[in-house]
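What follows is the residue order along each chain.
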Amino acid sequence: MKVYPKIFADYRQSSFQTQTTSAAGDQLWLTPNPDTSMANVPRVIAVAAAGLIVQYGDRFRMIGLDGTVKWEMTNDPGVPAFVADTAIYYRATNRFLQGVTFDKRTVLTDFAIPRCRDRGGVPMVQARGDNHFLIQTFNAAPEVIVDSPPEQPDYNLMLMGPDGLTDWDWMREFEGTALPALVTSDNVKAVLLNTTSLVTVFDIATGKTIDSFEVPKAGFLQASLDRRDRLVVALYGAKAQPQLDCYSLSGDLVWSCPLSPAERRAYRQPPAVDGDNRIAYIWGDTLLVVAEGTVLWRHAVPAGRFVPYVTVLGDNSLLLAAANALVHLDKDGVLLFETYLKPEVAITTPPVVDTAGRVYVGTTAGVHCFE
């Protein structure tokens, strides 16, 4: 199972940041990667007041806004490092969830994640306060044993407390696979899509099912929640037609936008959402901006070794990062700036912006700052 490896904005997976930028694309600094291994390229950058939290393959770093590495810690790459309030949470190499402050003081240690076996992963973790966490786990099916019936993969959604493997408010268990859970803007509901056709809405406080519906014969690809907490999902329909659909959380189809045939990439960014509820989605070699099912404009996306990314900013402009190109487009698709790295350098993270308007992106060469 491949999971979009970032939590840098919100749990609606909307890829929206309130910050804006007037950067011209001039590089201010570059902090090289820990080594030259492709396993240790940056995977996600989160912006905090104290600096940047950058996750690589086997570690994450705290990097100051001047590019100085303040400290680093080893981690398990199976969980995206994320920031909640003044703490950084990550899974350590012992597979326990840990938390440290921006100055590396421990605030959570050896928080056990249940129902996550050796072949398992953690697609989503959200800090809920009082050392409670909403956690989704995934376990690949065991290897097939000759003359034994194959077992199914499974996934779990749970609200965990701080006191050990059995301290949960509730736990729900399922067979199969699912996309990372989404959390509504009021922080009350969790939305879970299995990878075929079922959508289930849970009350996070109790774990009870609020609603569920099925999109017949669908194959879900990626999903996010828009500004009205409607589900925006890329899928293959009953006739294997790729499309971008919007549903209410009670299952009513709001709009549908057909997509052209493209490569069946298993791993791409969920639909991004701007402040006016327009959807930005990279499909094939094209960035599409869609309003209520109608494509407003398109922009070409360079082909590269890594997944292309788009980040929506507070003024509804877009930062597009693909191959060695970083492009800033206004809400109507007009070019504001573009900058190109060396041909041998490839962008590996979504671009992010700090409160001063500086732009950061991770690459095979390191973390770049543009102003």
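Cut-offs applied
- Residues numbered from 1 in each chain as written.
- Predicted model: local features only at pLDDT ≥ 70, side-chain atom pairs only at ≥ 80, totals over all residues.
- Heavy atoms only, no water.
- Helix = DSSP H or I, 4+ residues; strand = E, 2+ residues; numbered from the N terminus.
- Rg over C-alpha atoms; globule rule 2.2 N^0.38 Å.
- Contact = heavy atoms within 4.5 Å.
- Areas by Shrake-Rupley, 256 points an atom, 1.4 Å probe, with all protein chains shown as cover.
- Lys, Arg positive; Asp, Glu negative; His and termini not counted.
- Charge placed at Lys NZ, Arg CZ, Asp CG, Glu CD.
- Pairing = 2+ DSSP bridges.
- Axes fitted to C-alpha atoms, helices over the stretch in contact; angles between N-to-C directions.
- Buried < 20%, exposed > 50% of the residue type's maximum accessible area, 1.4 Å probe, protein only.

## A closer look at the overall build of the protein
Counting its secondary structure elements, the protein contains zero helices and 32 strands. For the protein, the C-alpha radius of gyration of 20 Å lies close to 21 Å, the compact-globule estimate for 371 residues. In terms of its C-alpha atoms, the protein occupies a principal-axis envelope of roughly 55 × 50 × 45 Å. Considering only contacts in the protein between residues 6 or more positions apart, those separated by 24 or more positions represent 46%. Total accessible area on the protein stands at roughly 15500 Å², and carbon and sulfur atoms take up 50% of it. Between the centroid of the 32 positive side chains of the protein and the centroid of its 41 negative side chains there is a distance of 3 Å.

## Details of the sheet that holds strand β10 (residues 120-129)
If you walk across this open sheet you meet the four strands as β10-β11-β12-β13, and the pairing is antiparallel. Two strands lie at the open edges of the sheet, namely β10 and β13 (168-175), each paired on one side alone. Direction aside, neighbouring strands of the sheet carry axes that sit 10 degrees apart on average. By the bridge criterion, seven bridges tie β10 to strand β11 (residues 132-139) in an arrangement that is antiparallel. Along β11, the bridge assignment pairs A127 with F133.

## Topic: the environment of L313
For L313, the position within the fold is in the loop between β26 (309-312) and β27 (318-322). By relative accessible area, L313 is classed as buried at 0%. Excluding its chain neighbours within four sequence positions, the residues that come into contact with L313 are F16, Q17, Q19, T20, T21, L319, H328 and V353.

## Concerning the sheet that holds strand β9 (residues 106-111)
An order of β6-β7-β8-β9 is seen for the four strands of this open sheet, with the pairing classed as antiparallel. The open sheet is flanked by β6 (82-84) and β9, the only strands paired with a single partner. On average, adjacent strands in this sheet sit at an angle of 25 degrees to one another, irrespective of strand direction. Here strand β8 (residues 97-101) runs beside β9; their pairing, made up of three bridges, is antiparallel. Residue G99 lies in a different strand from β9, and its bridge partner there is L108.

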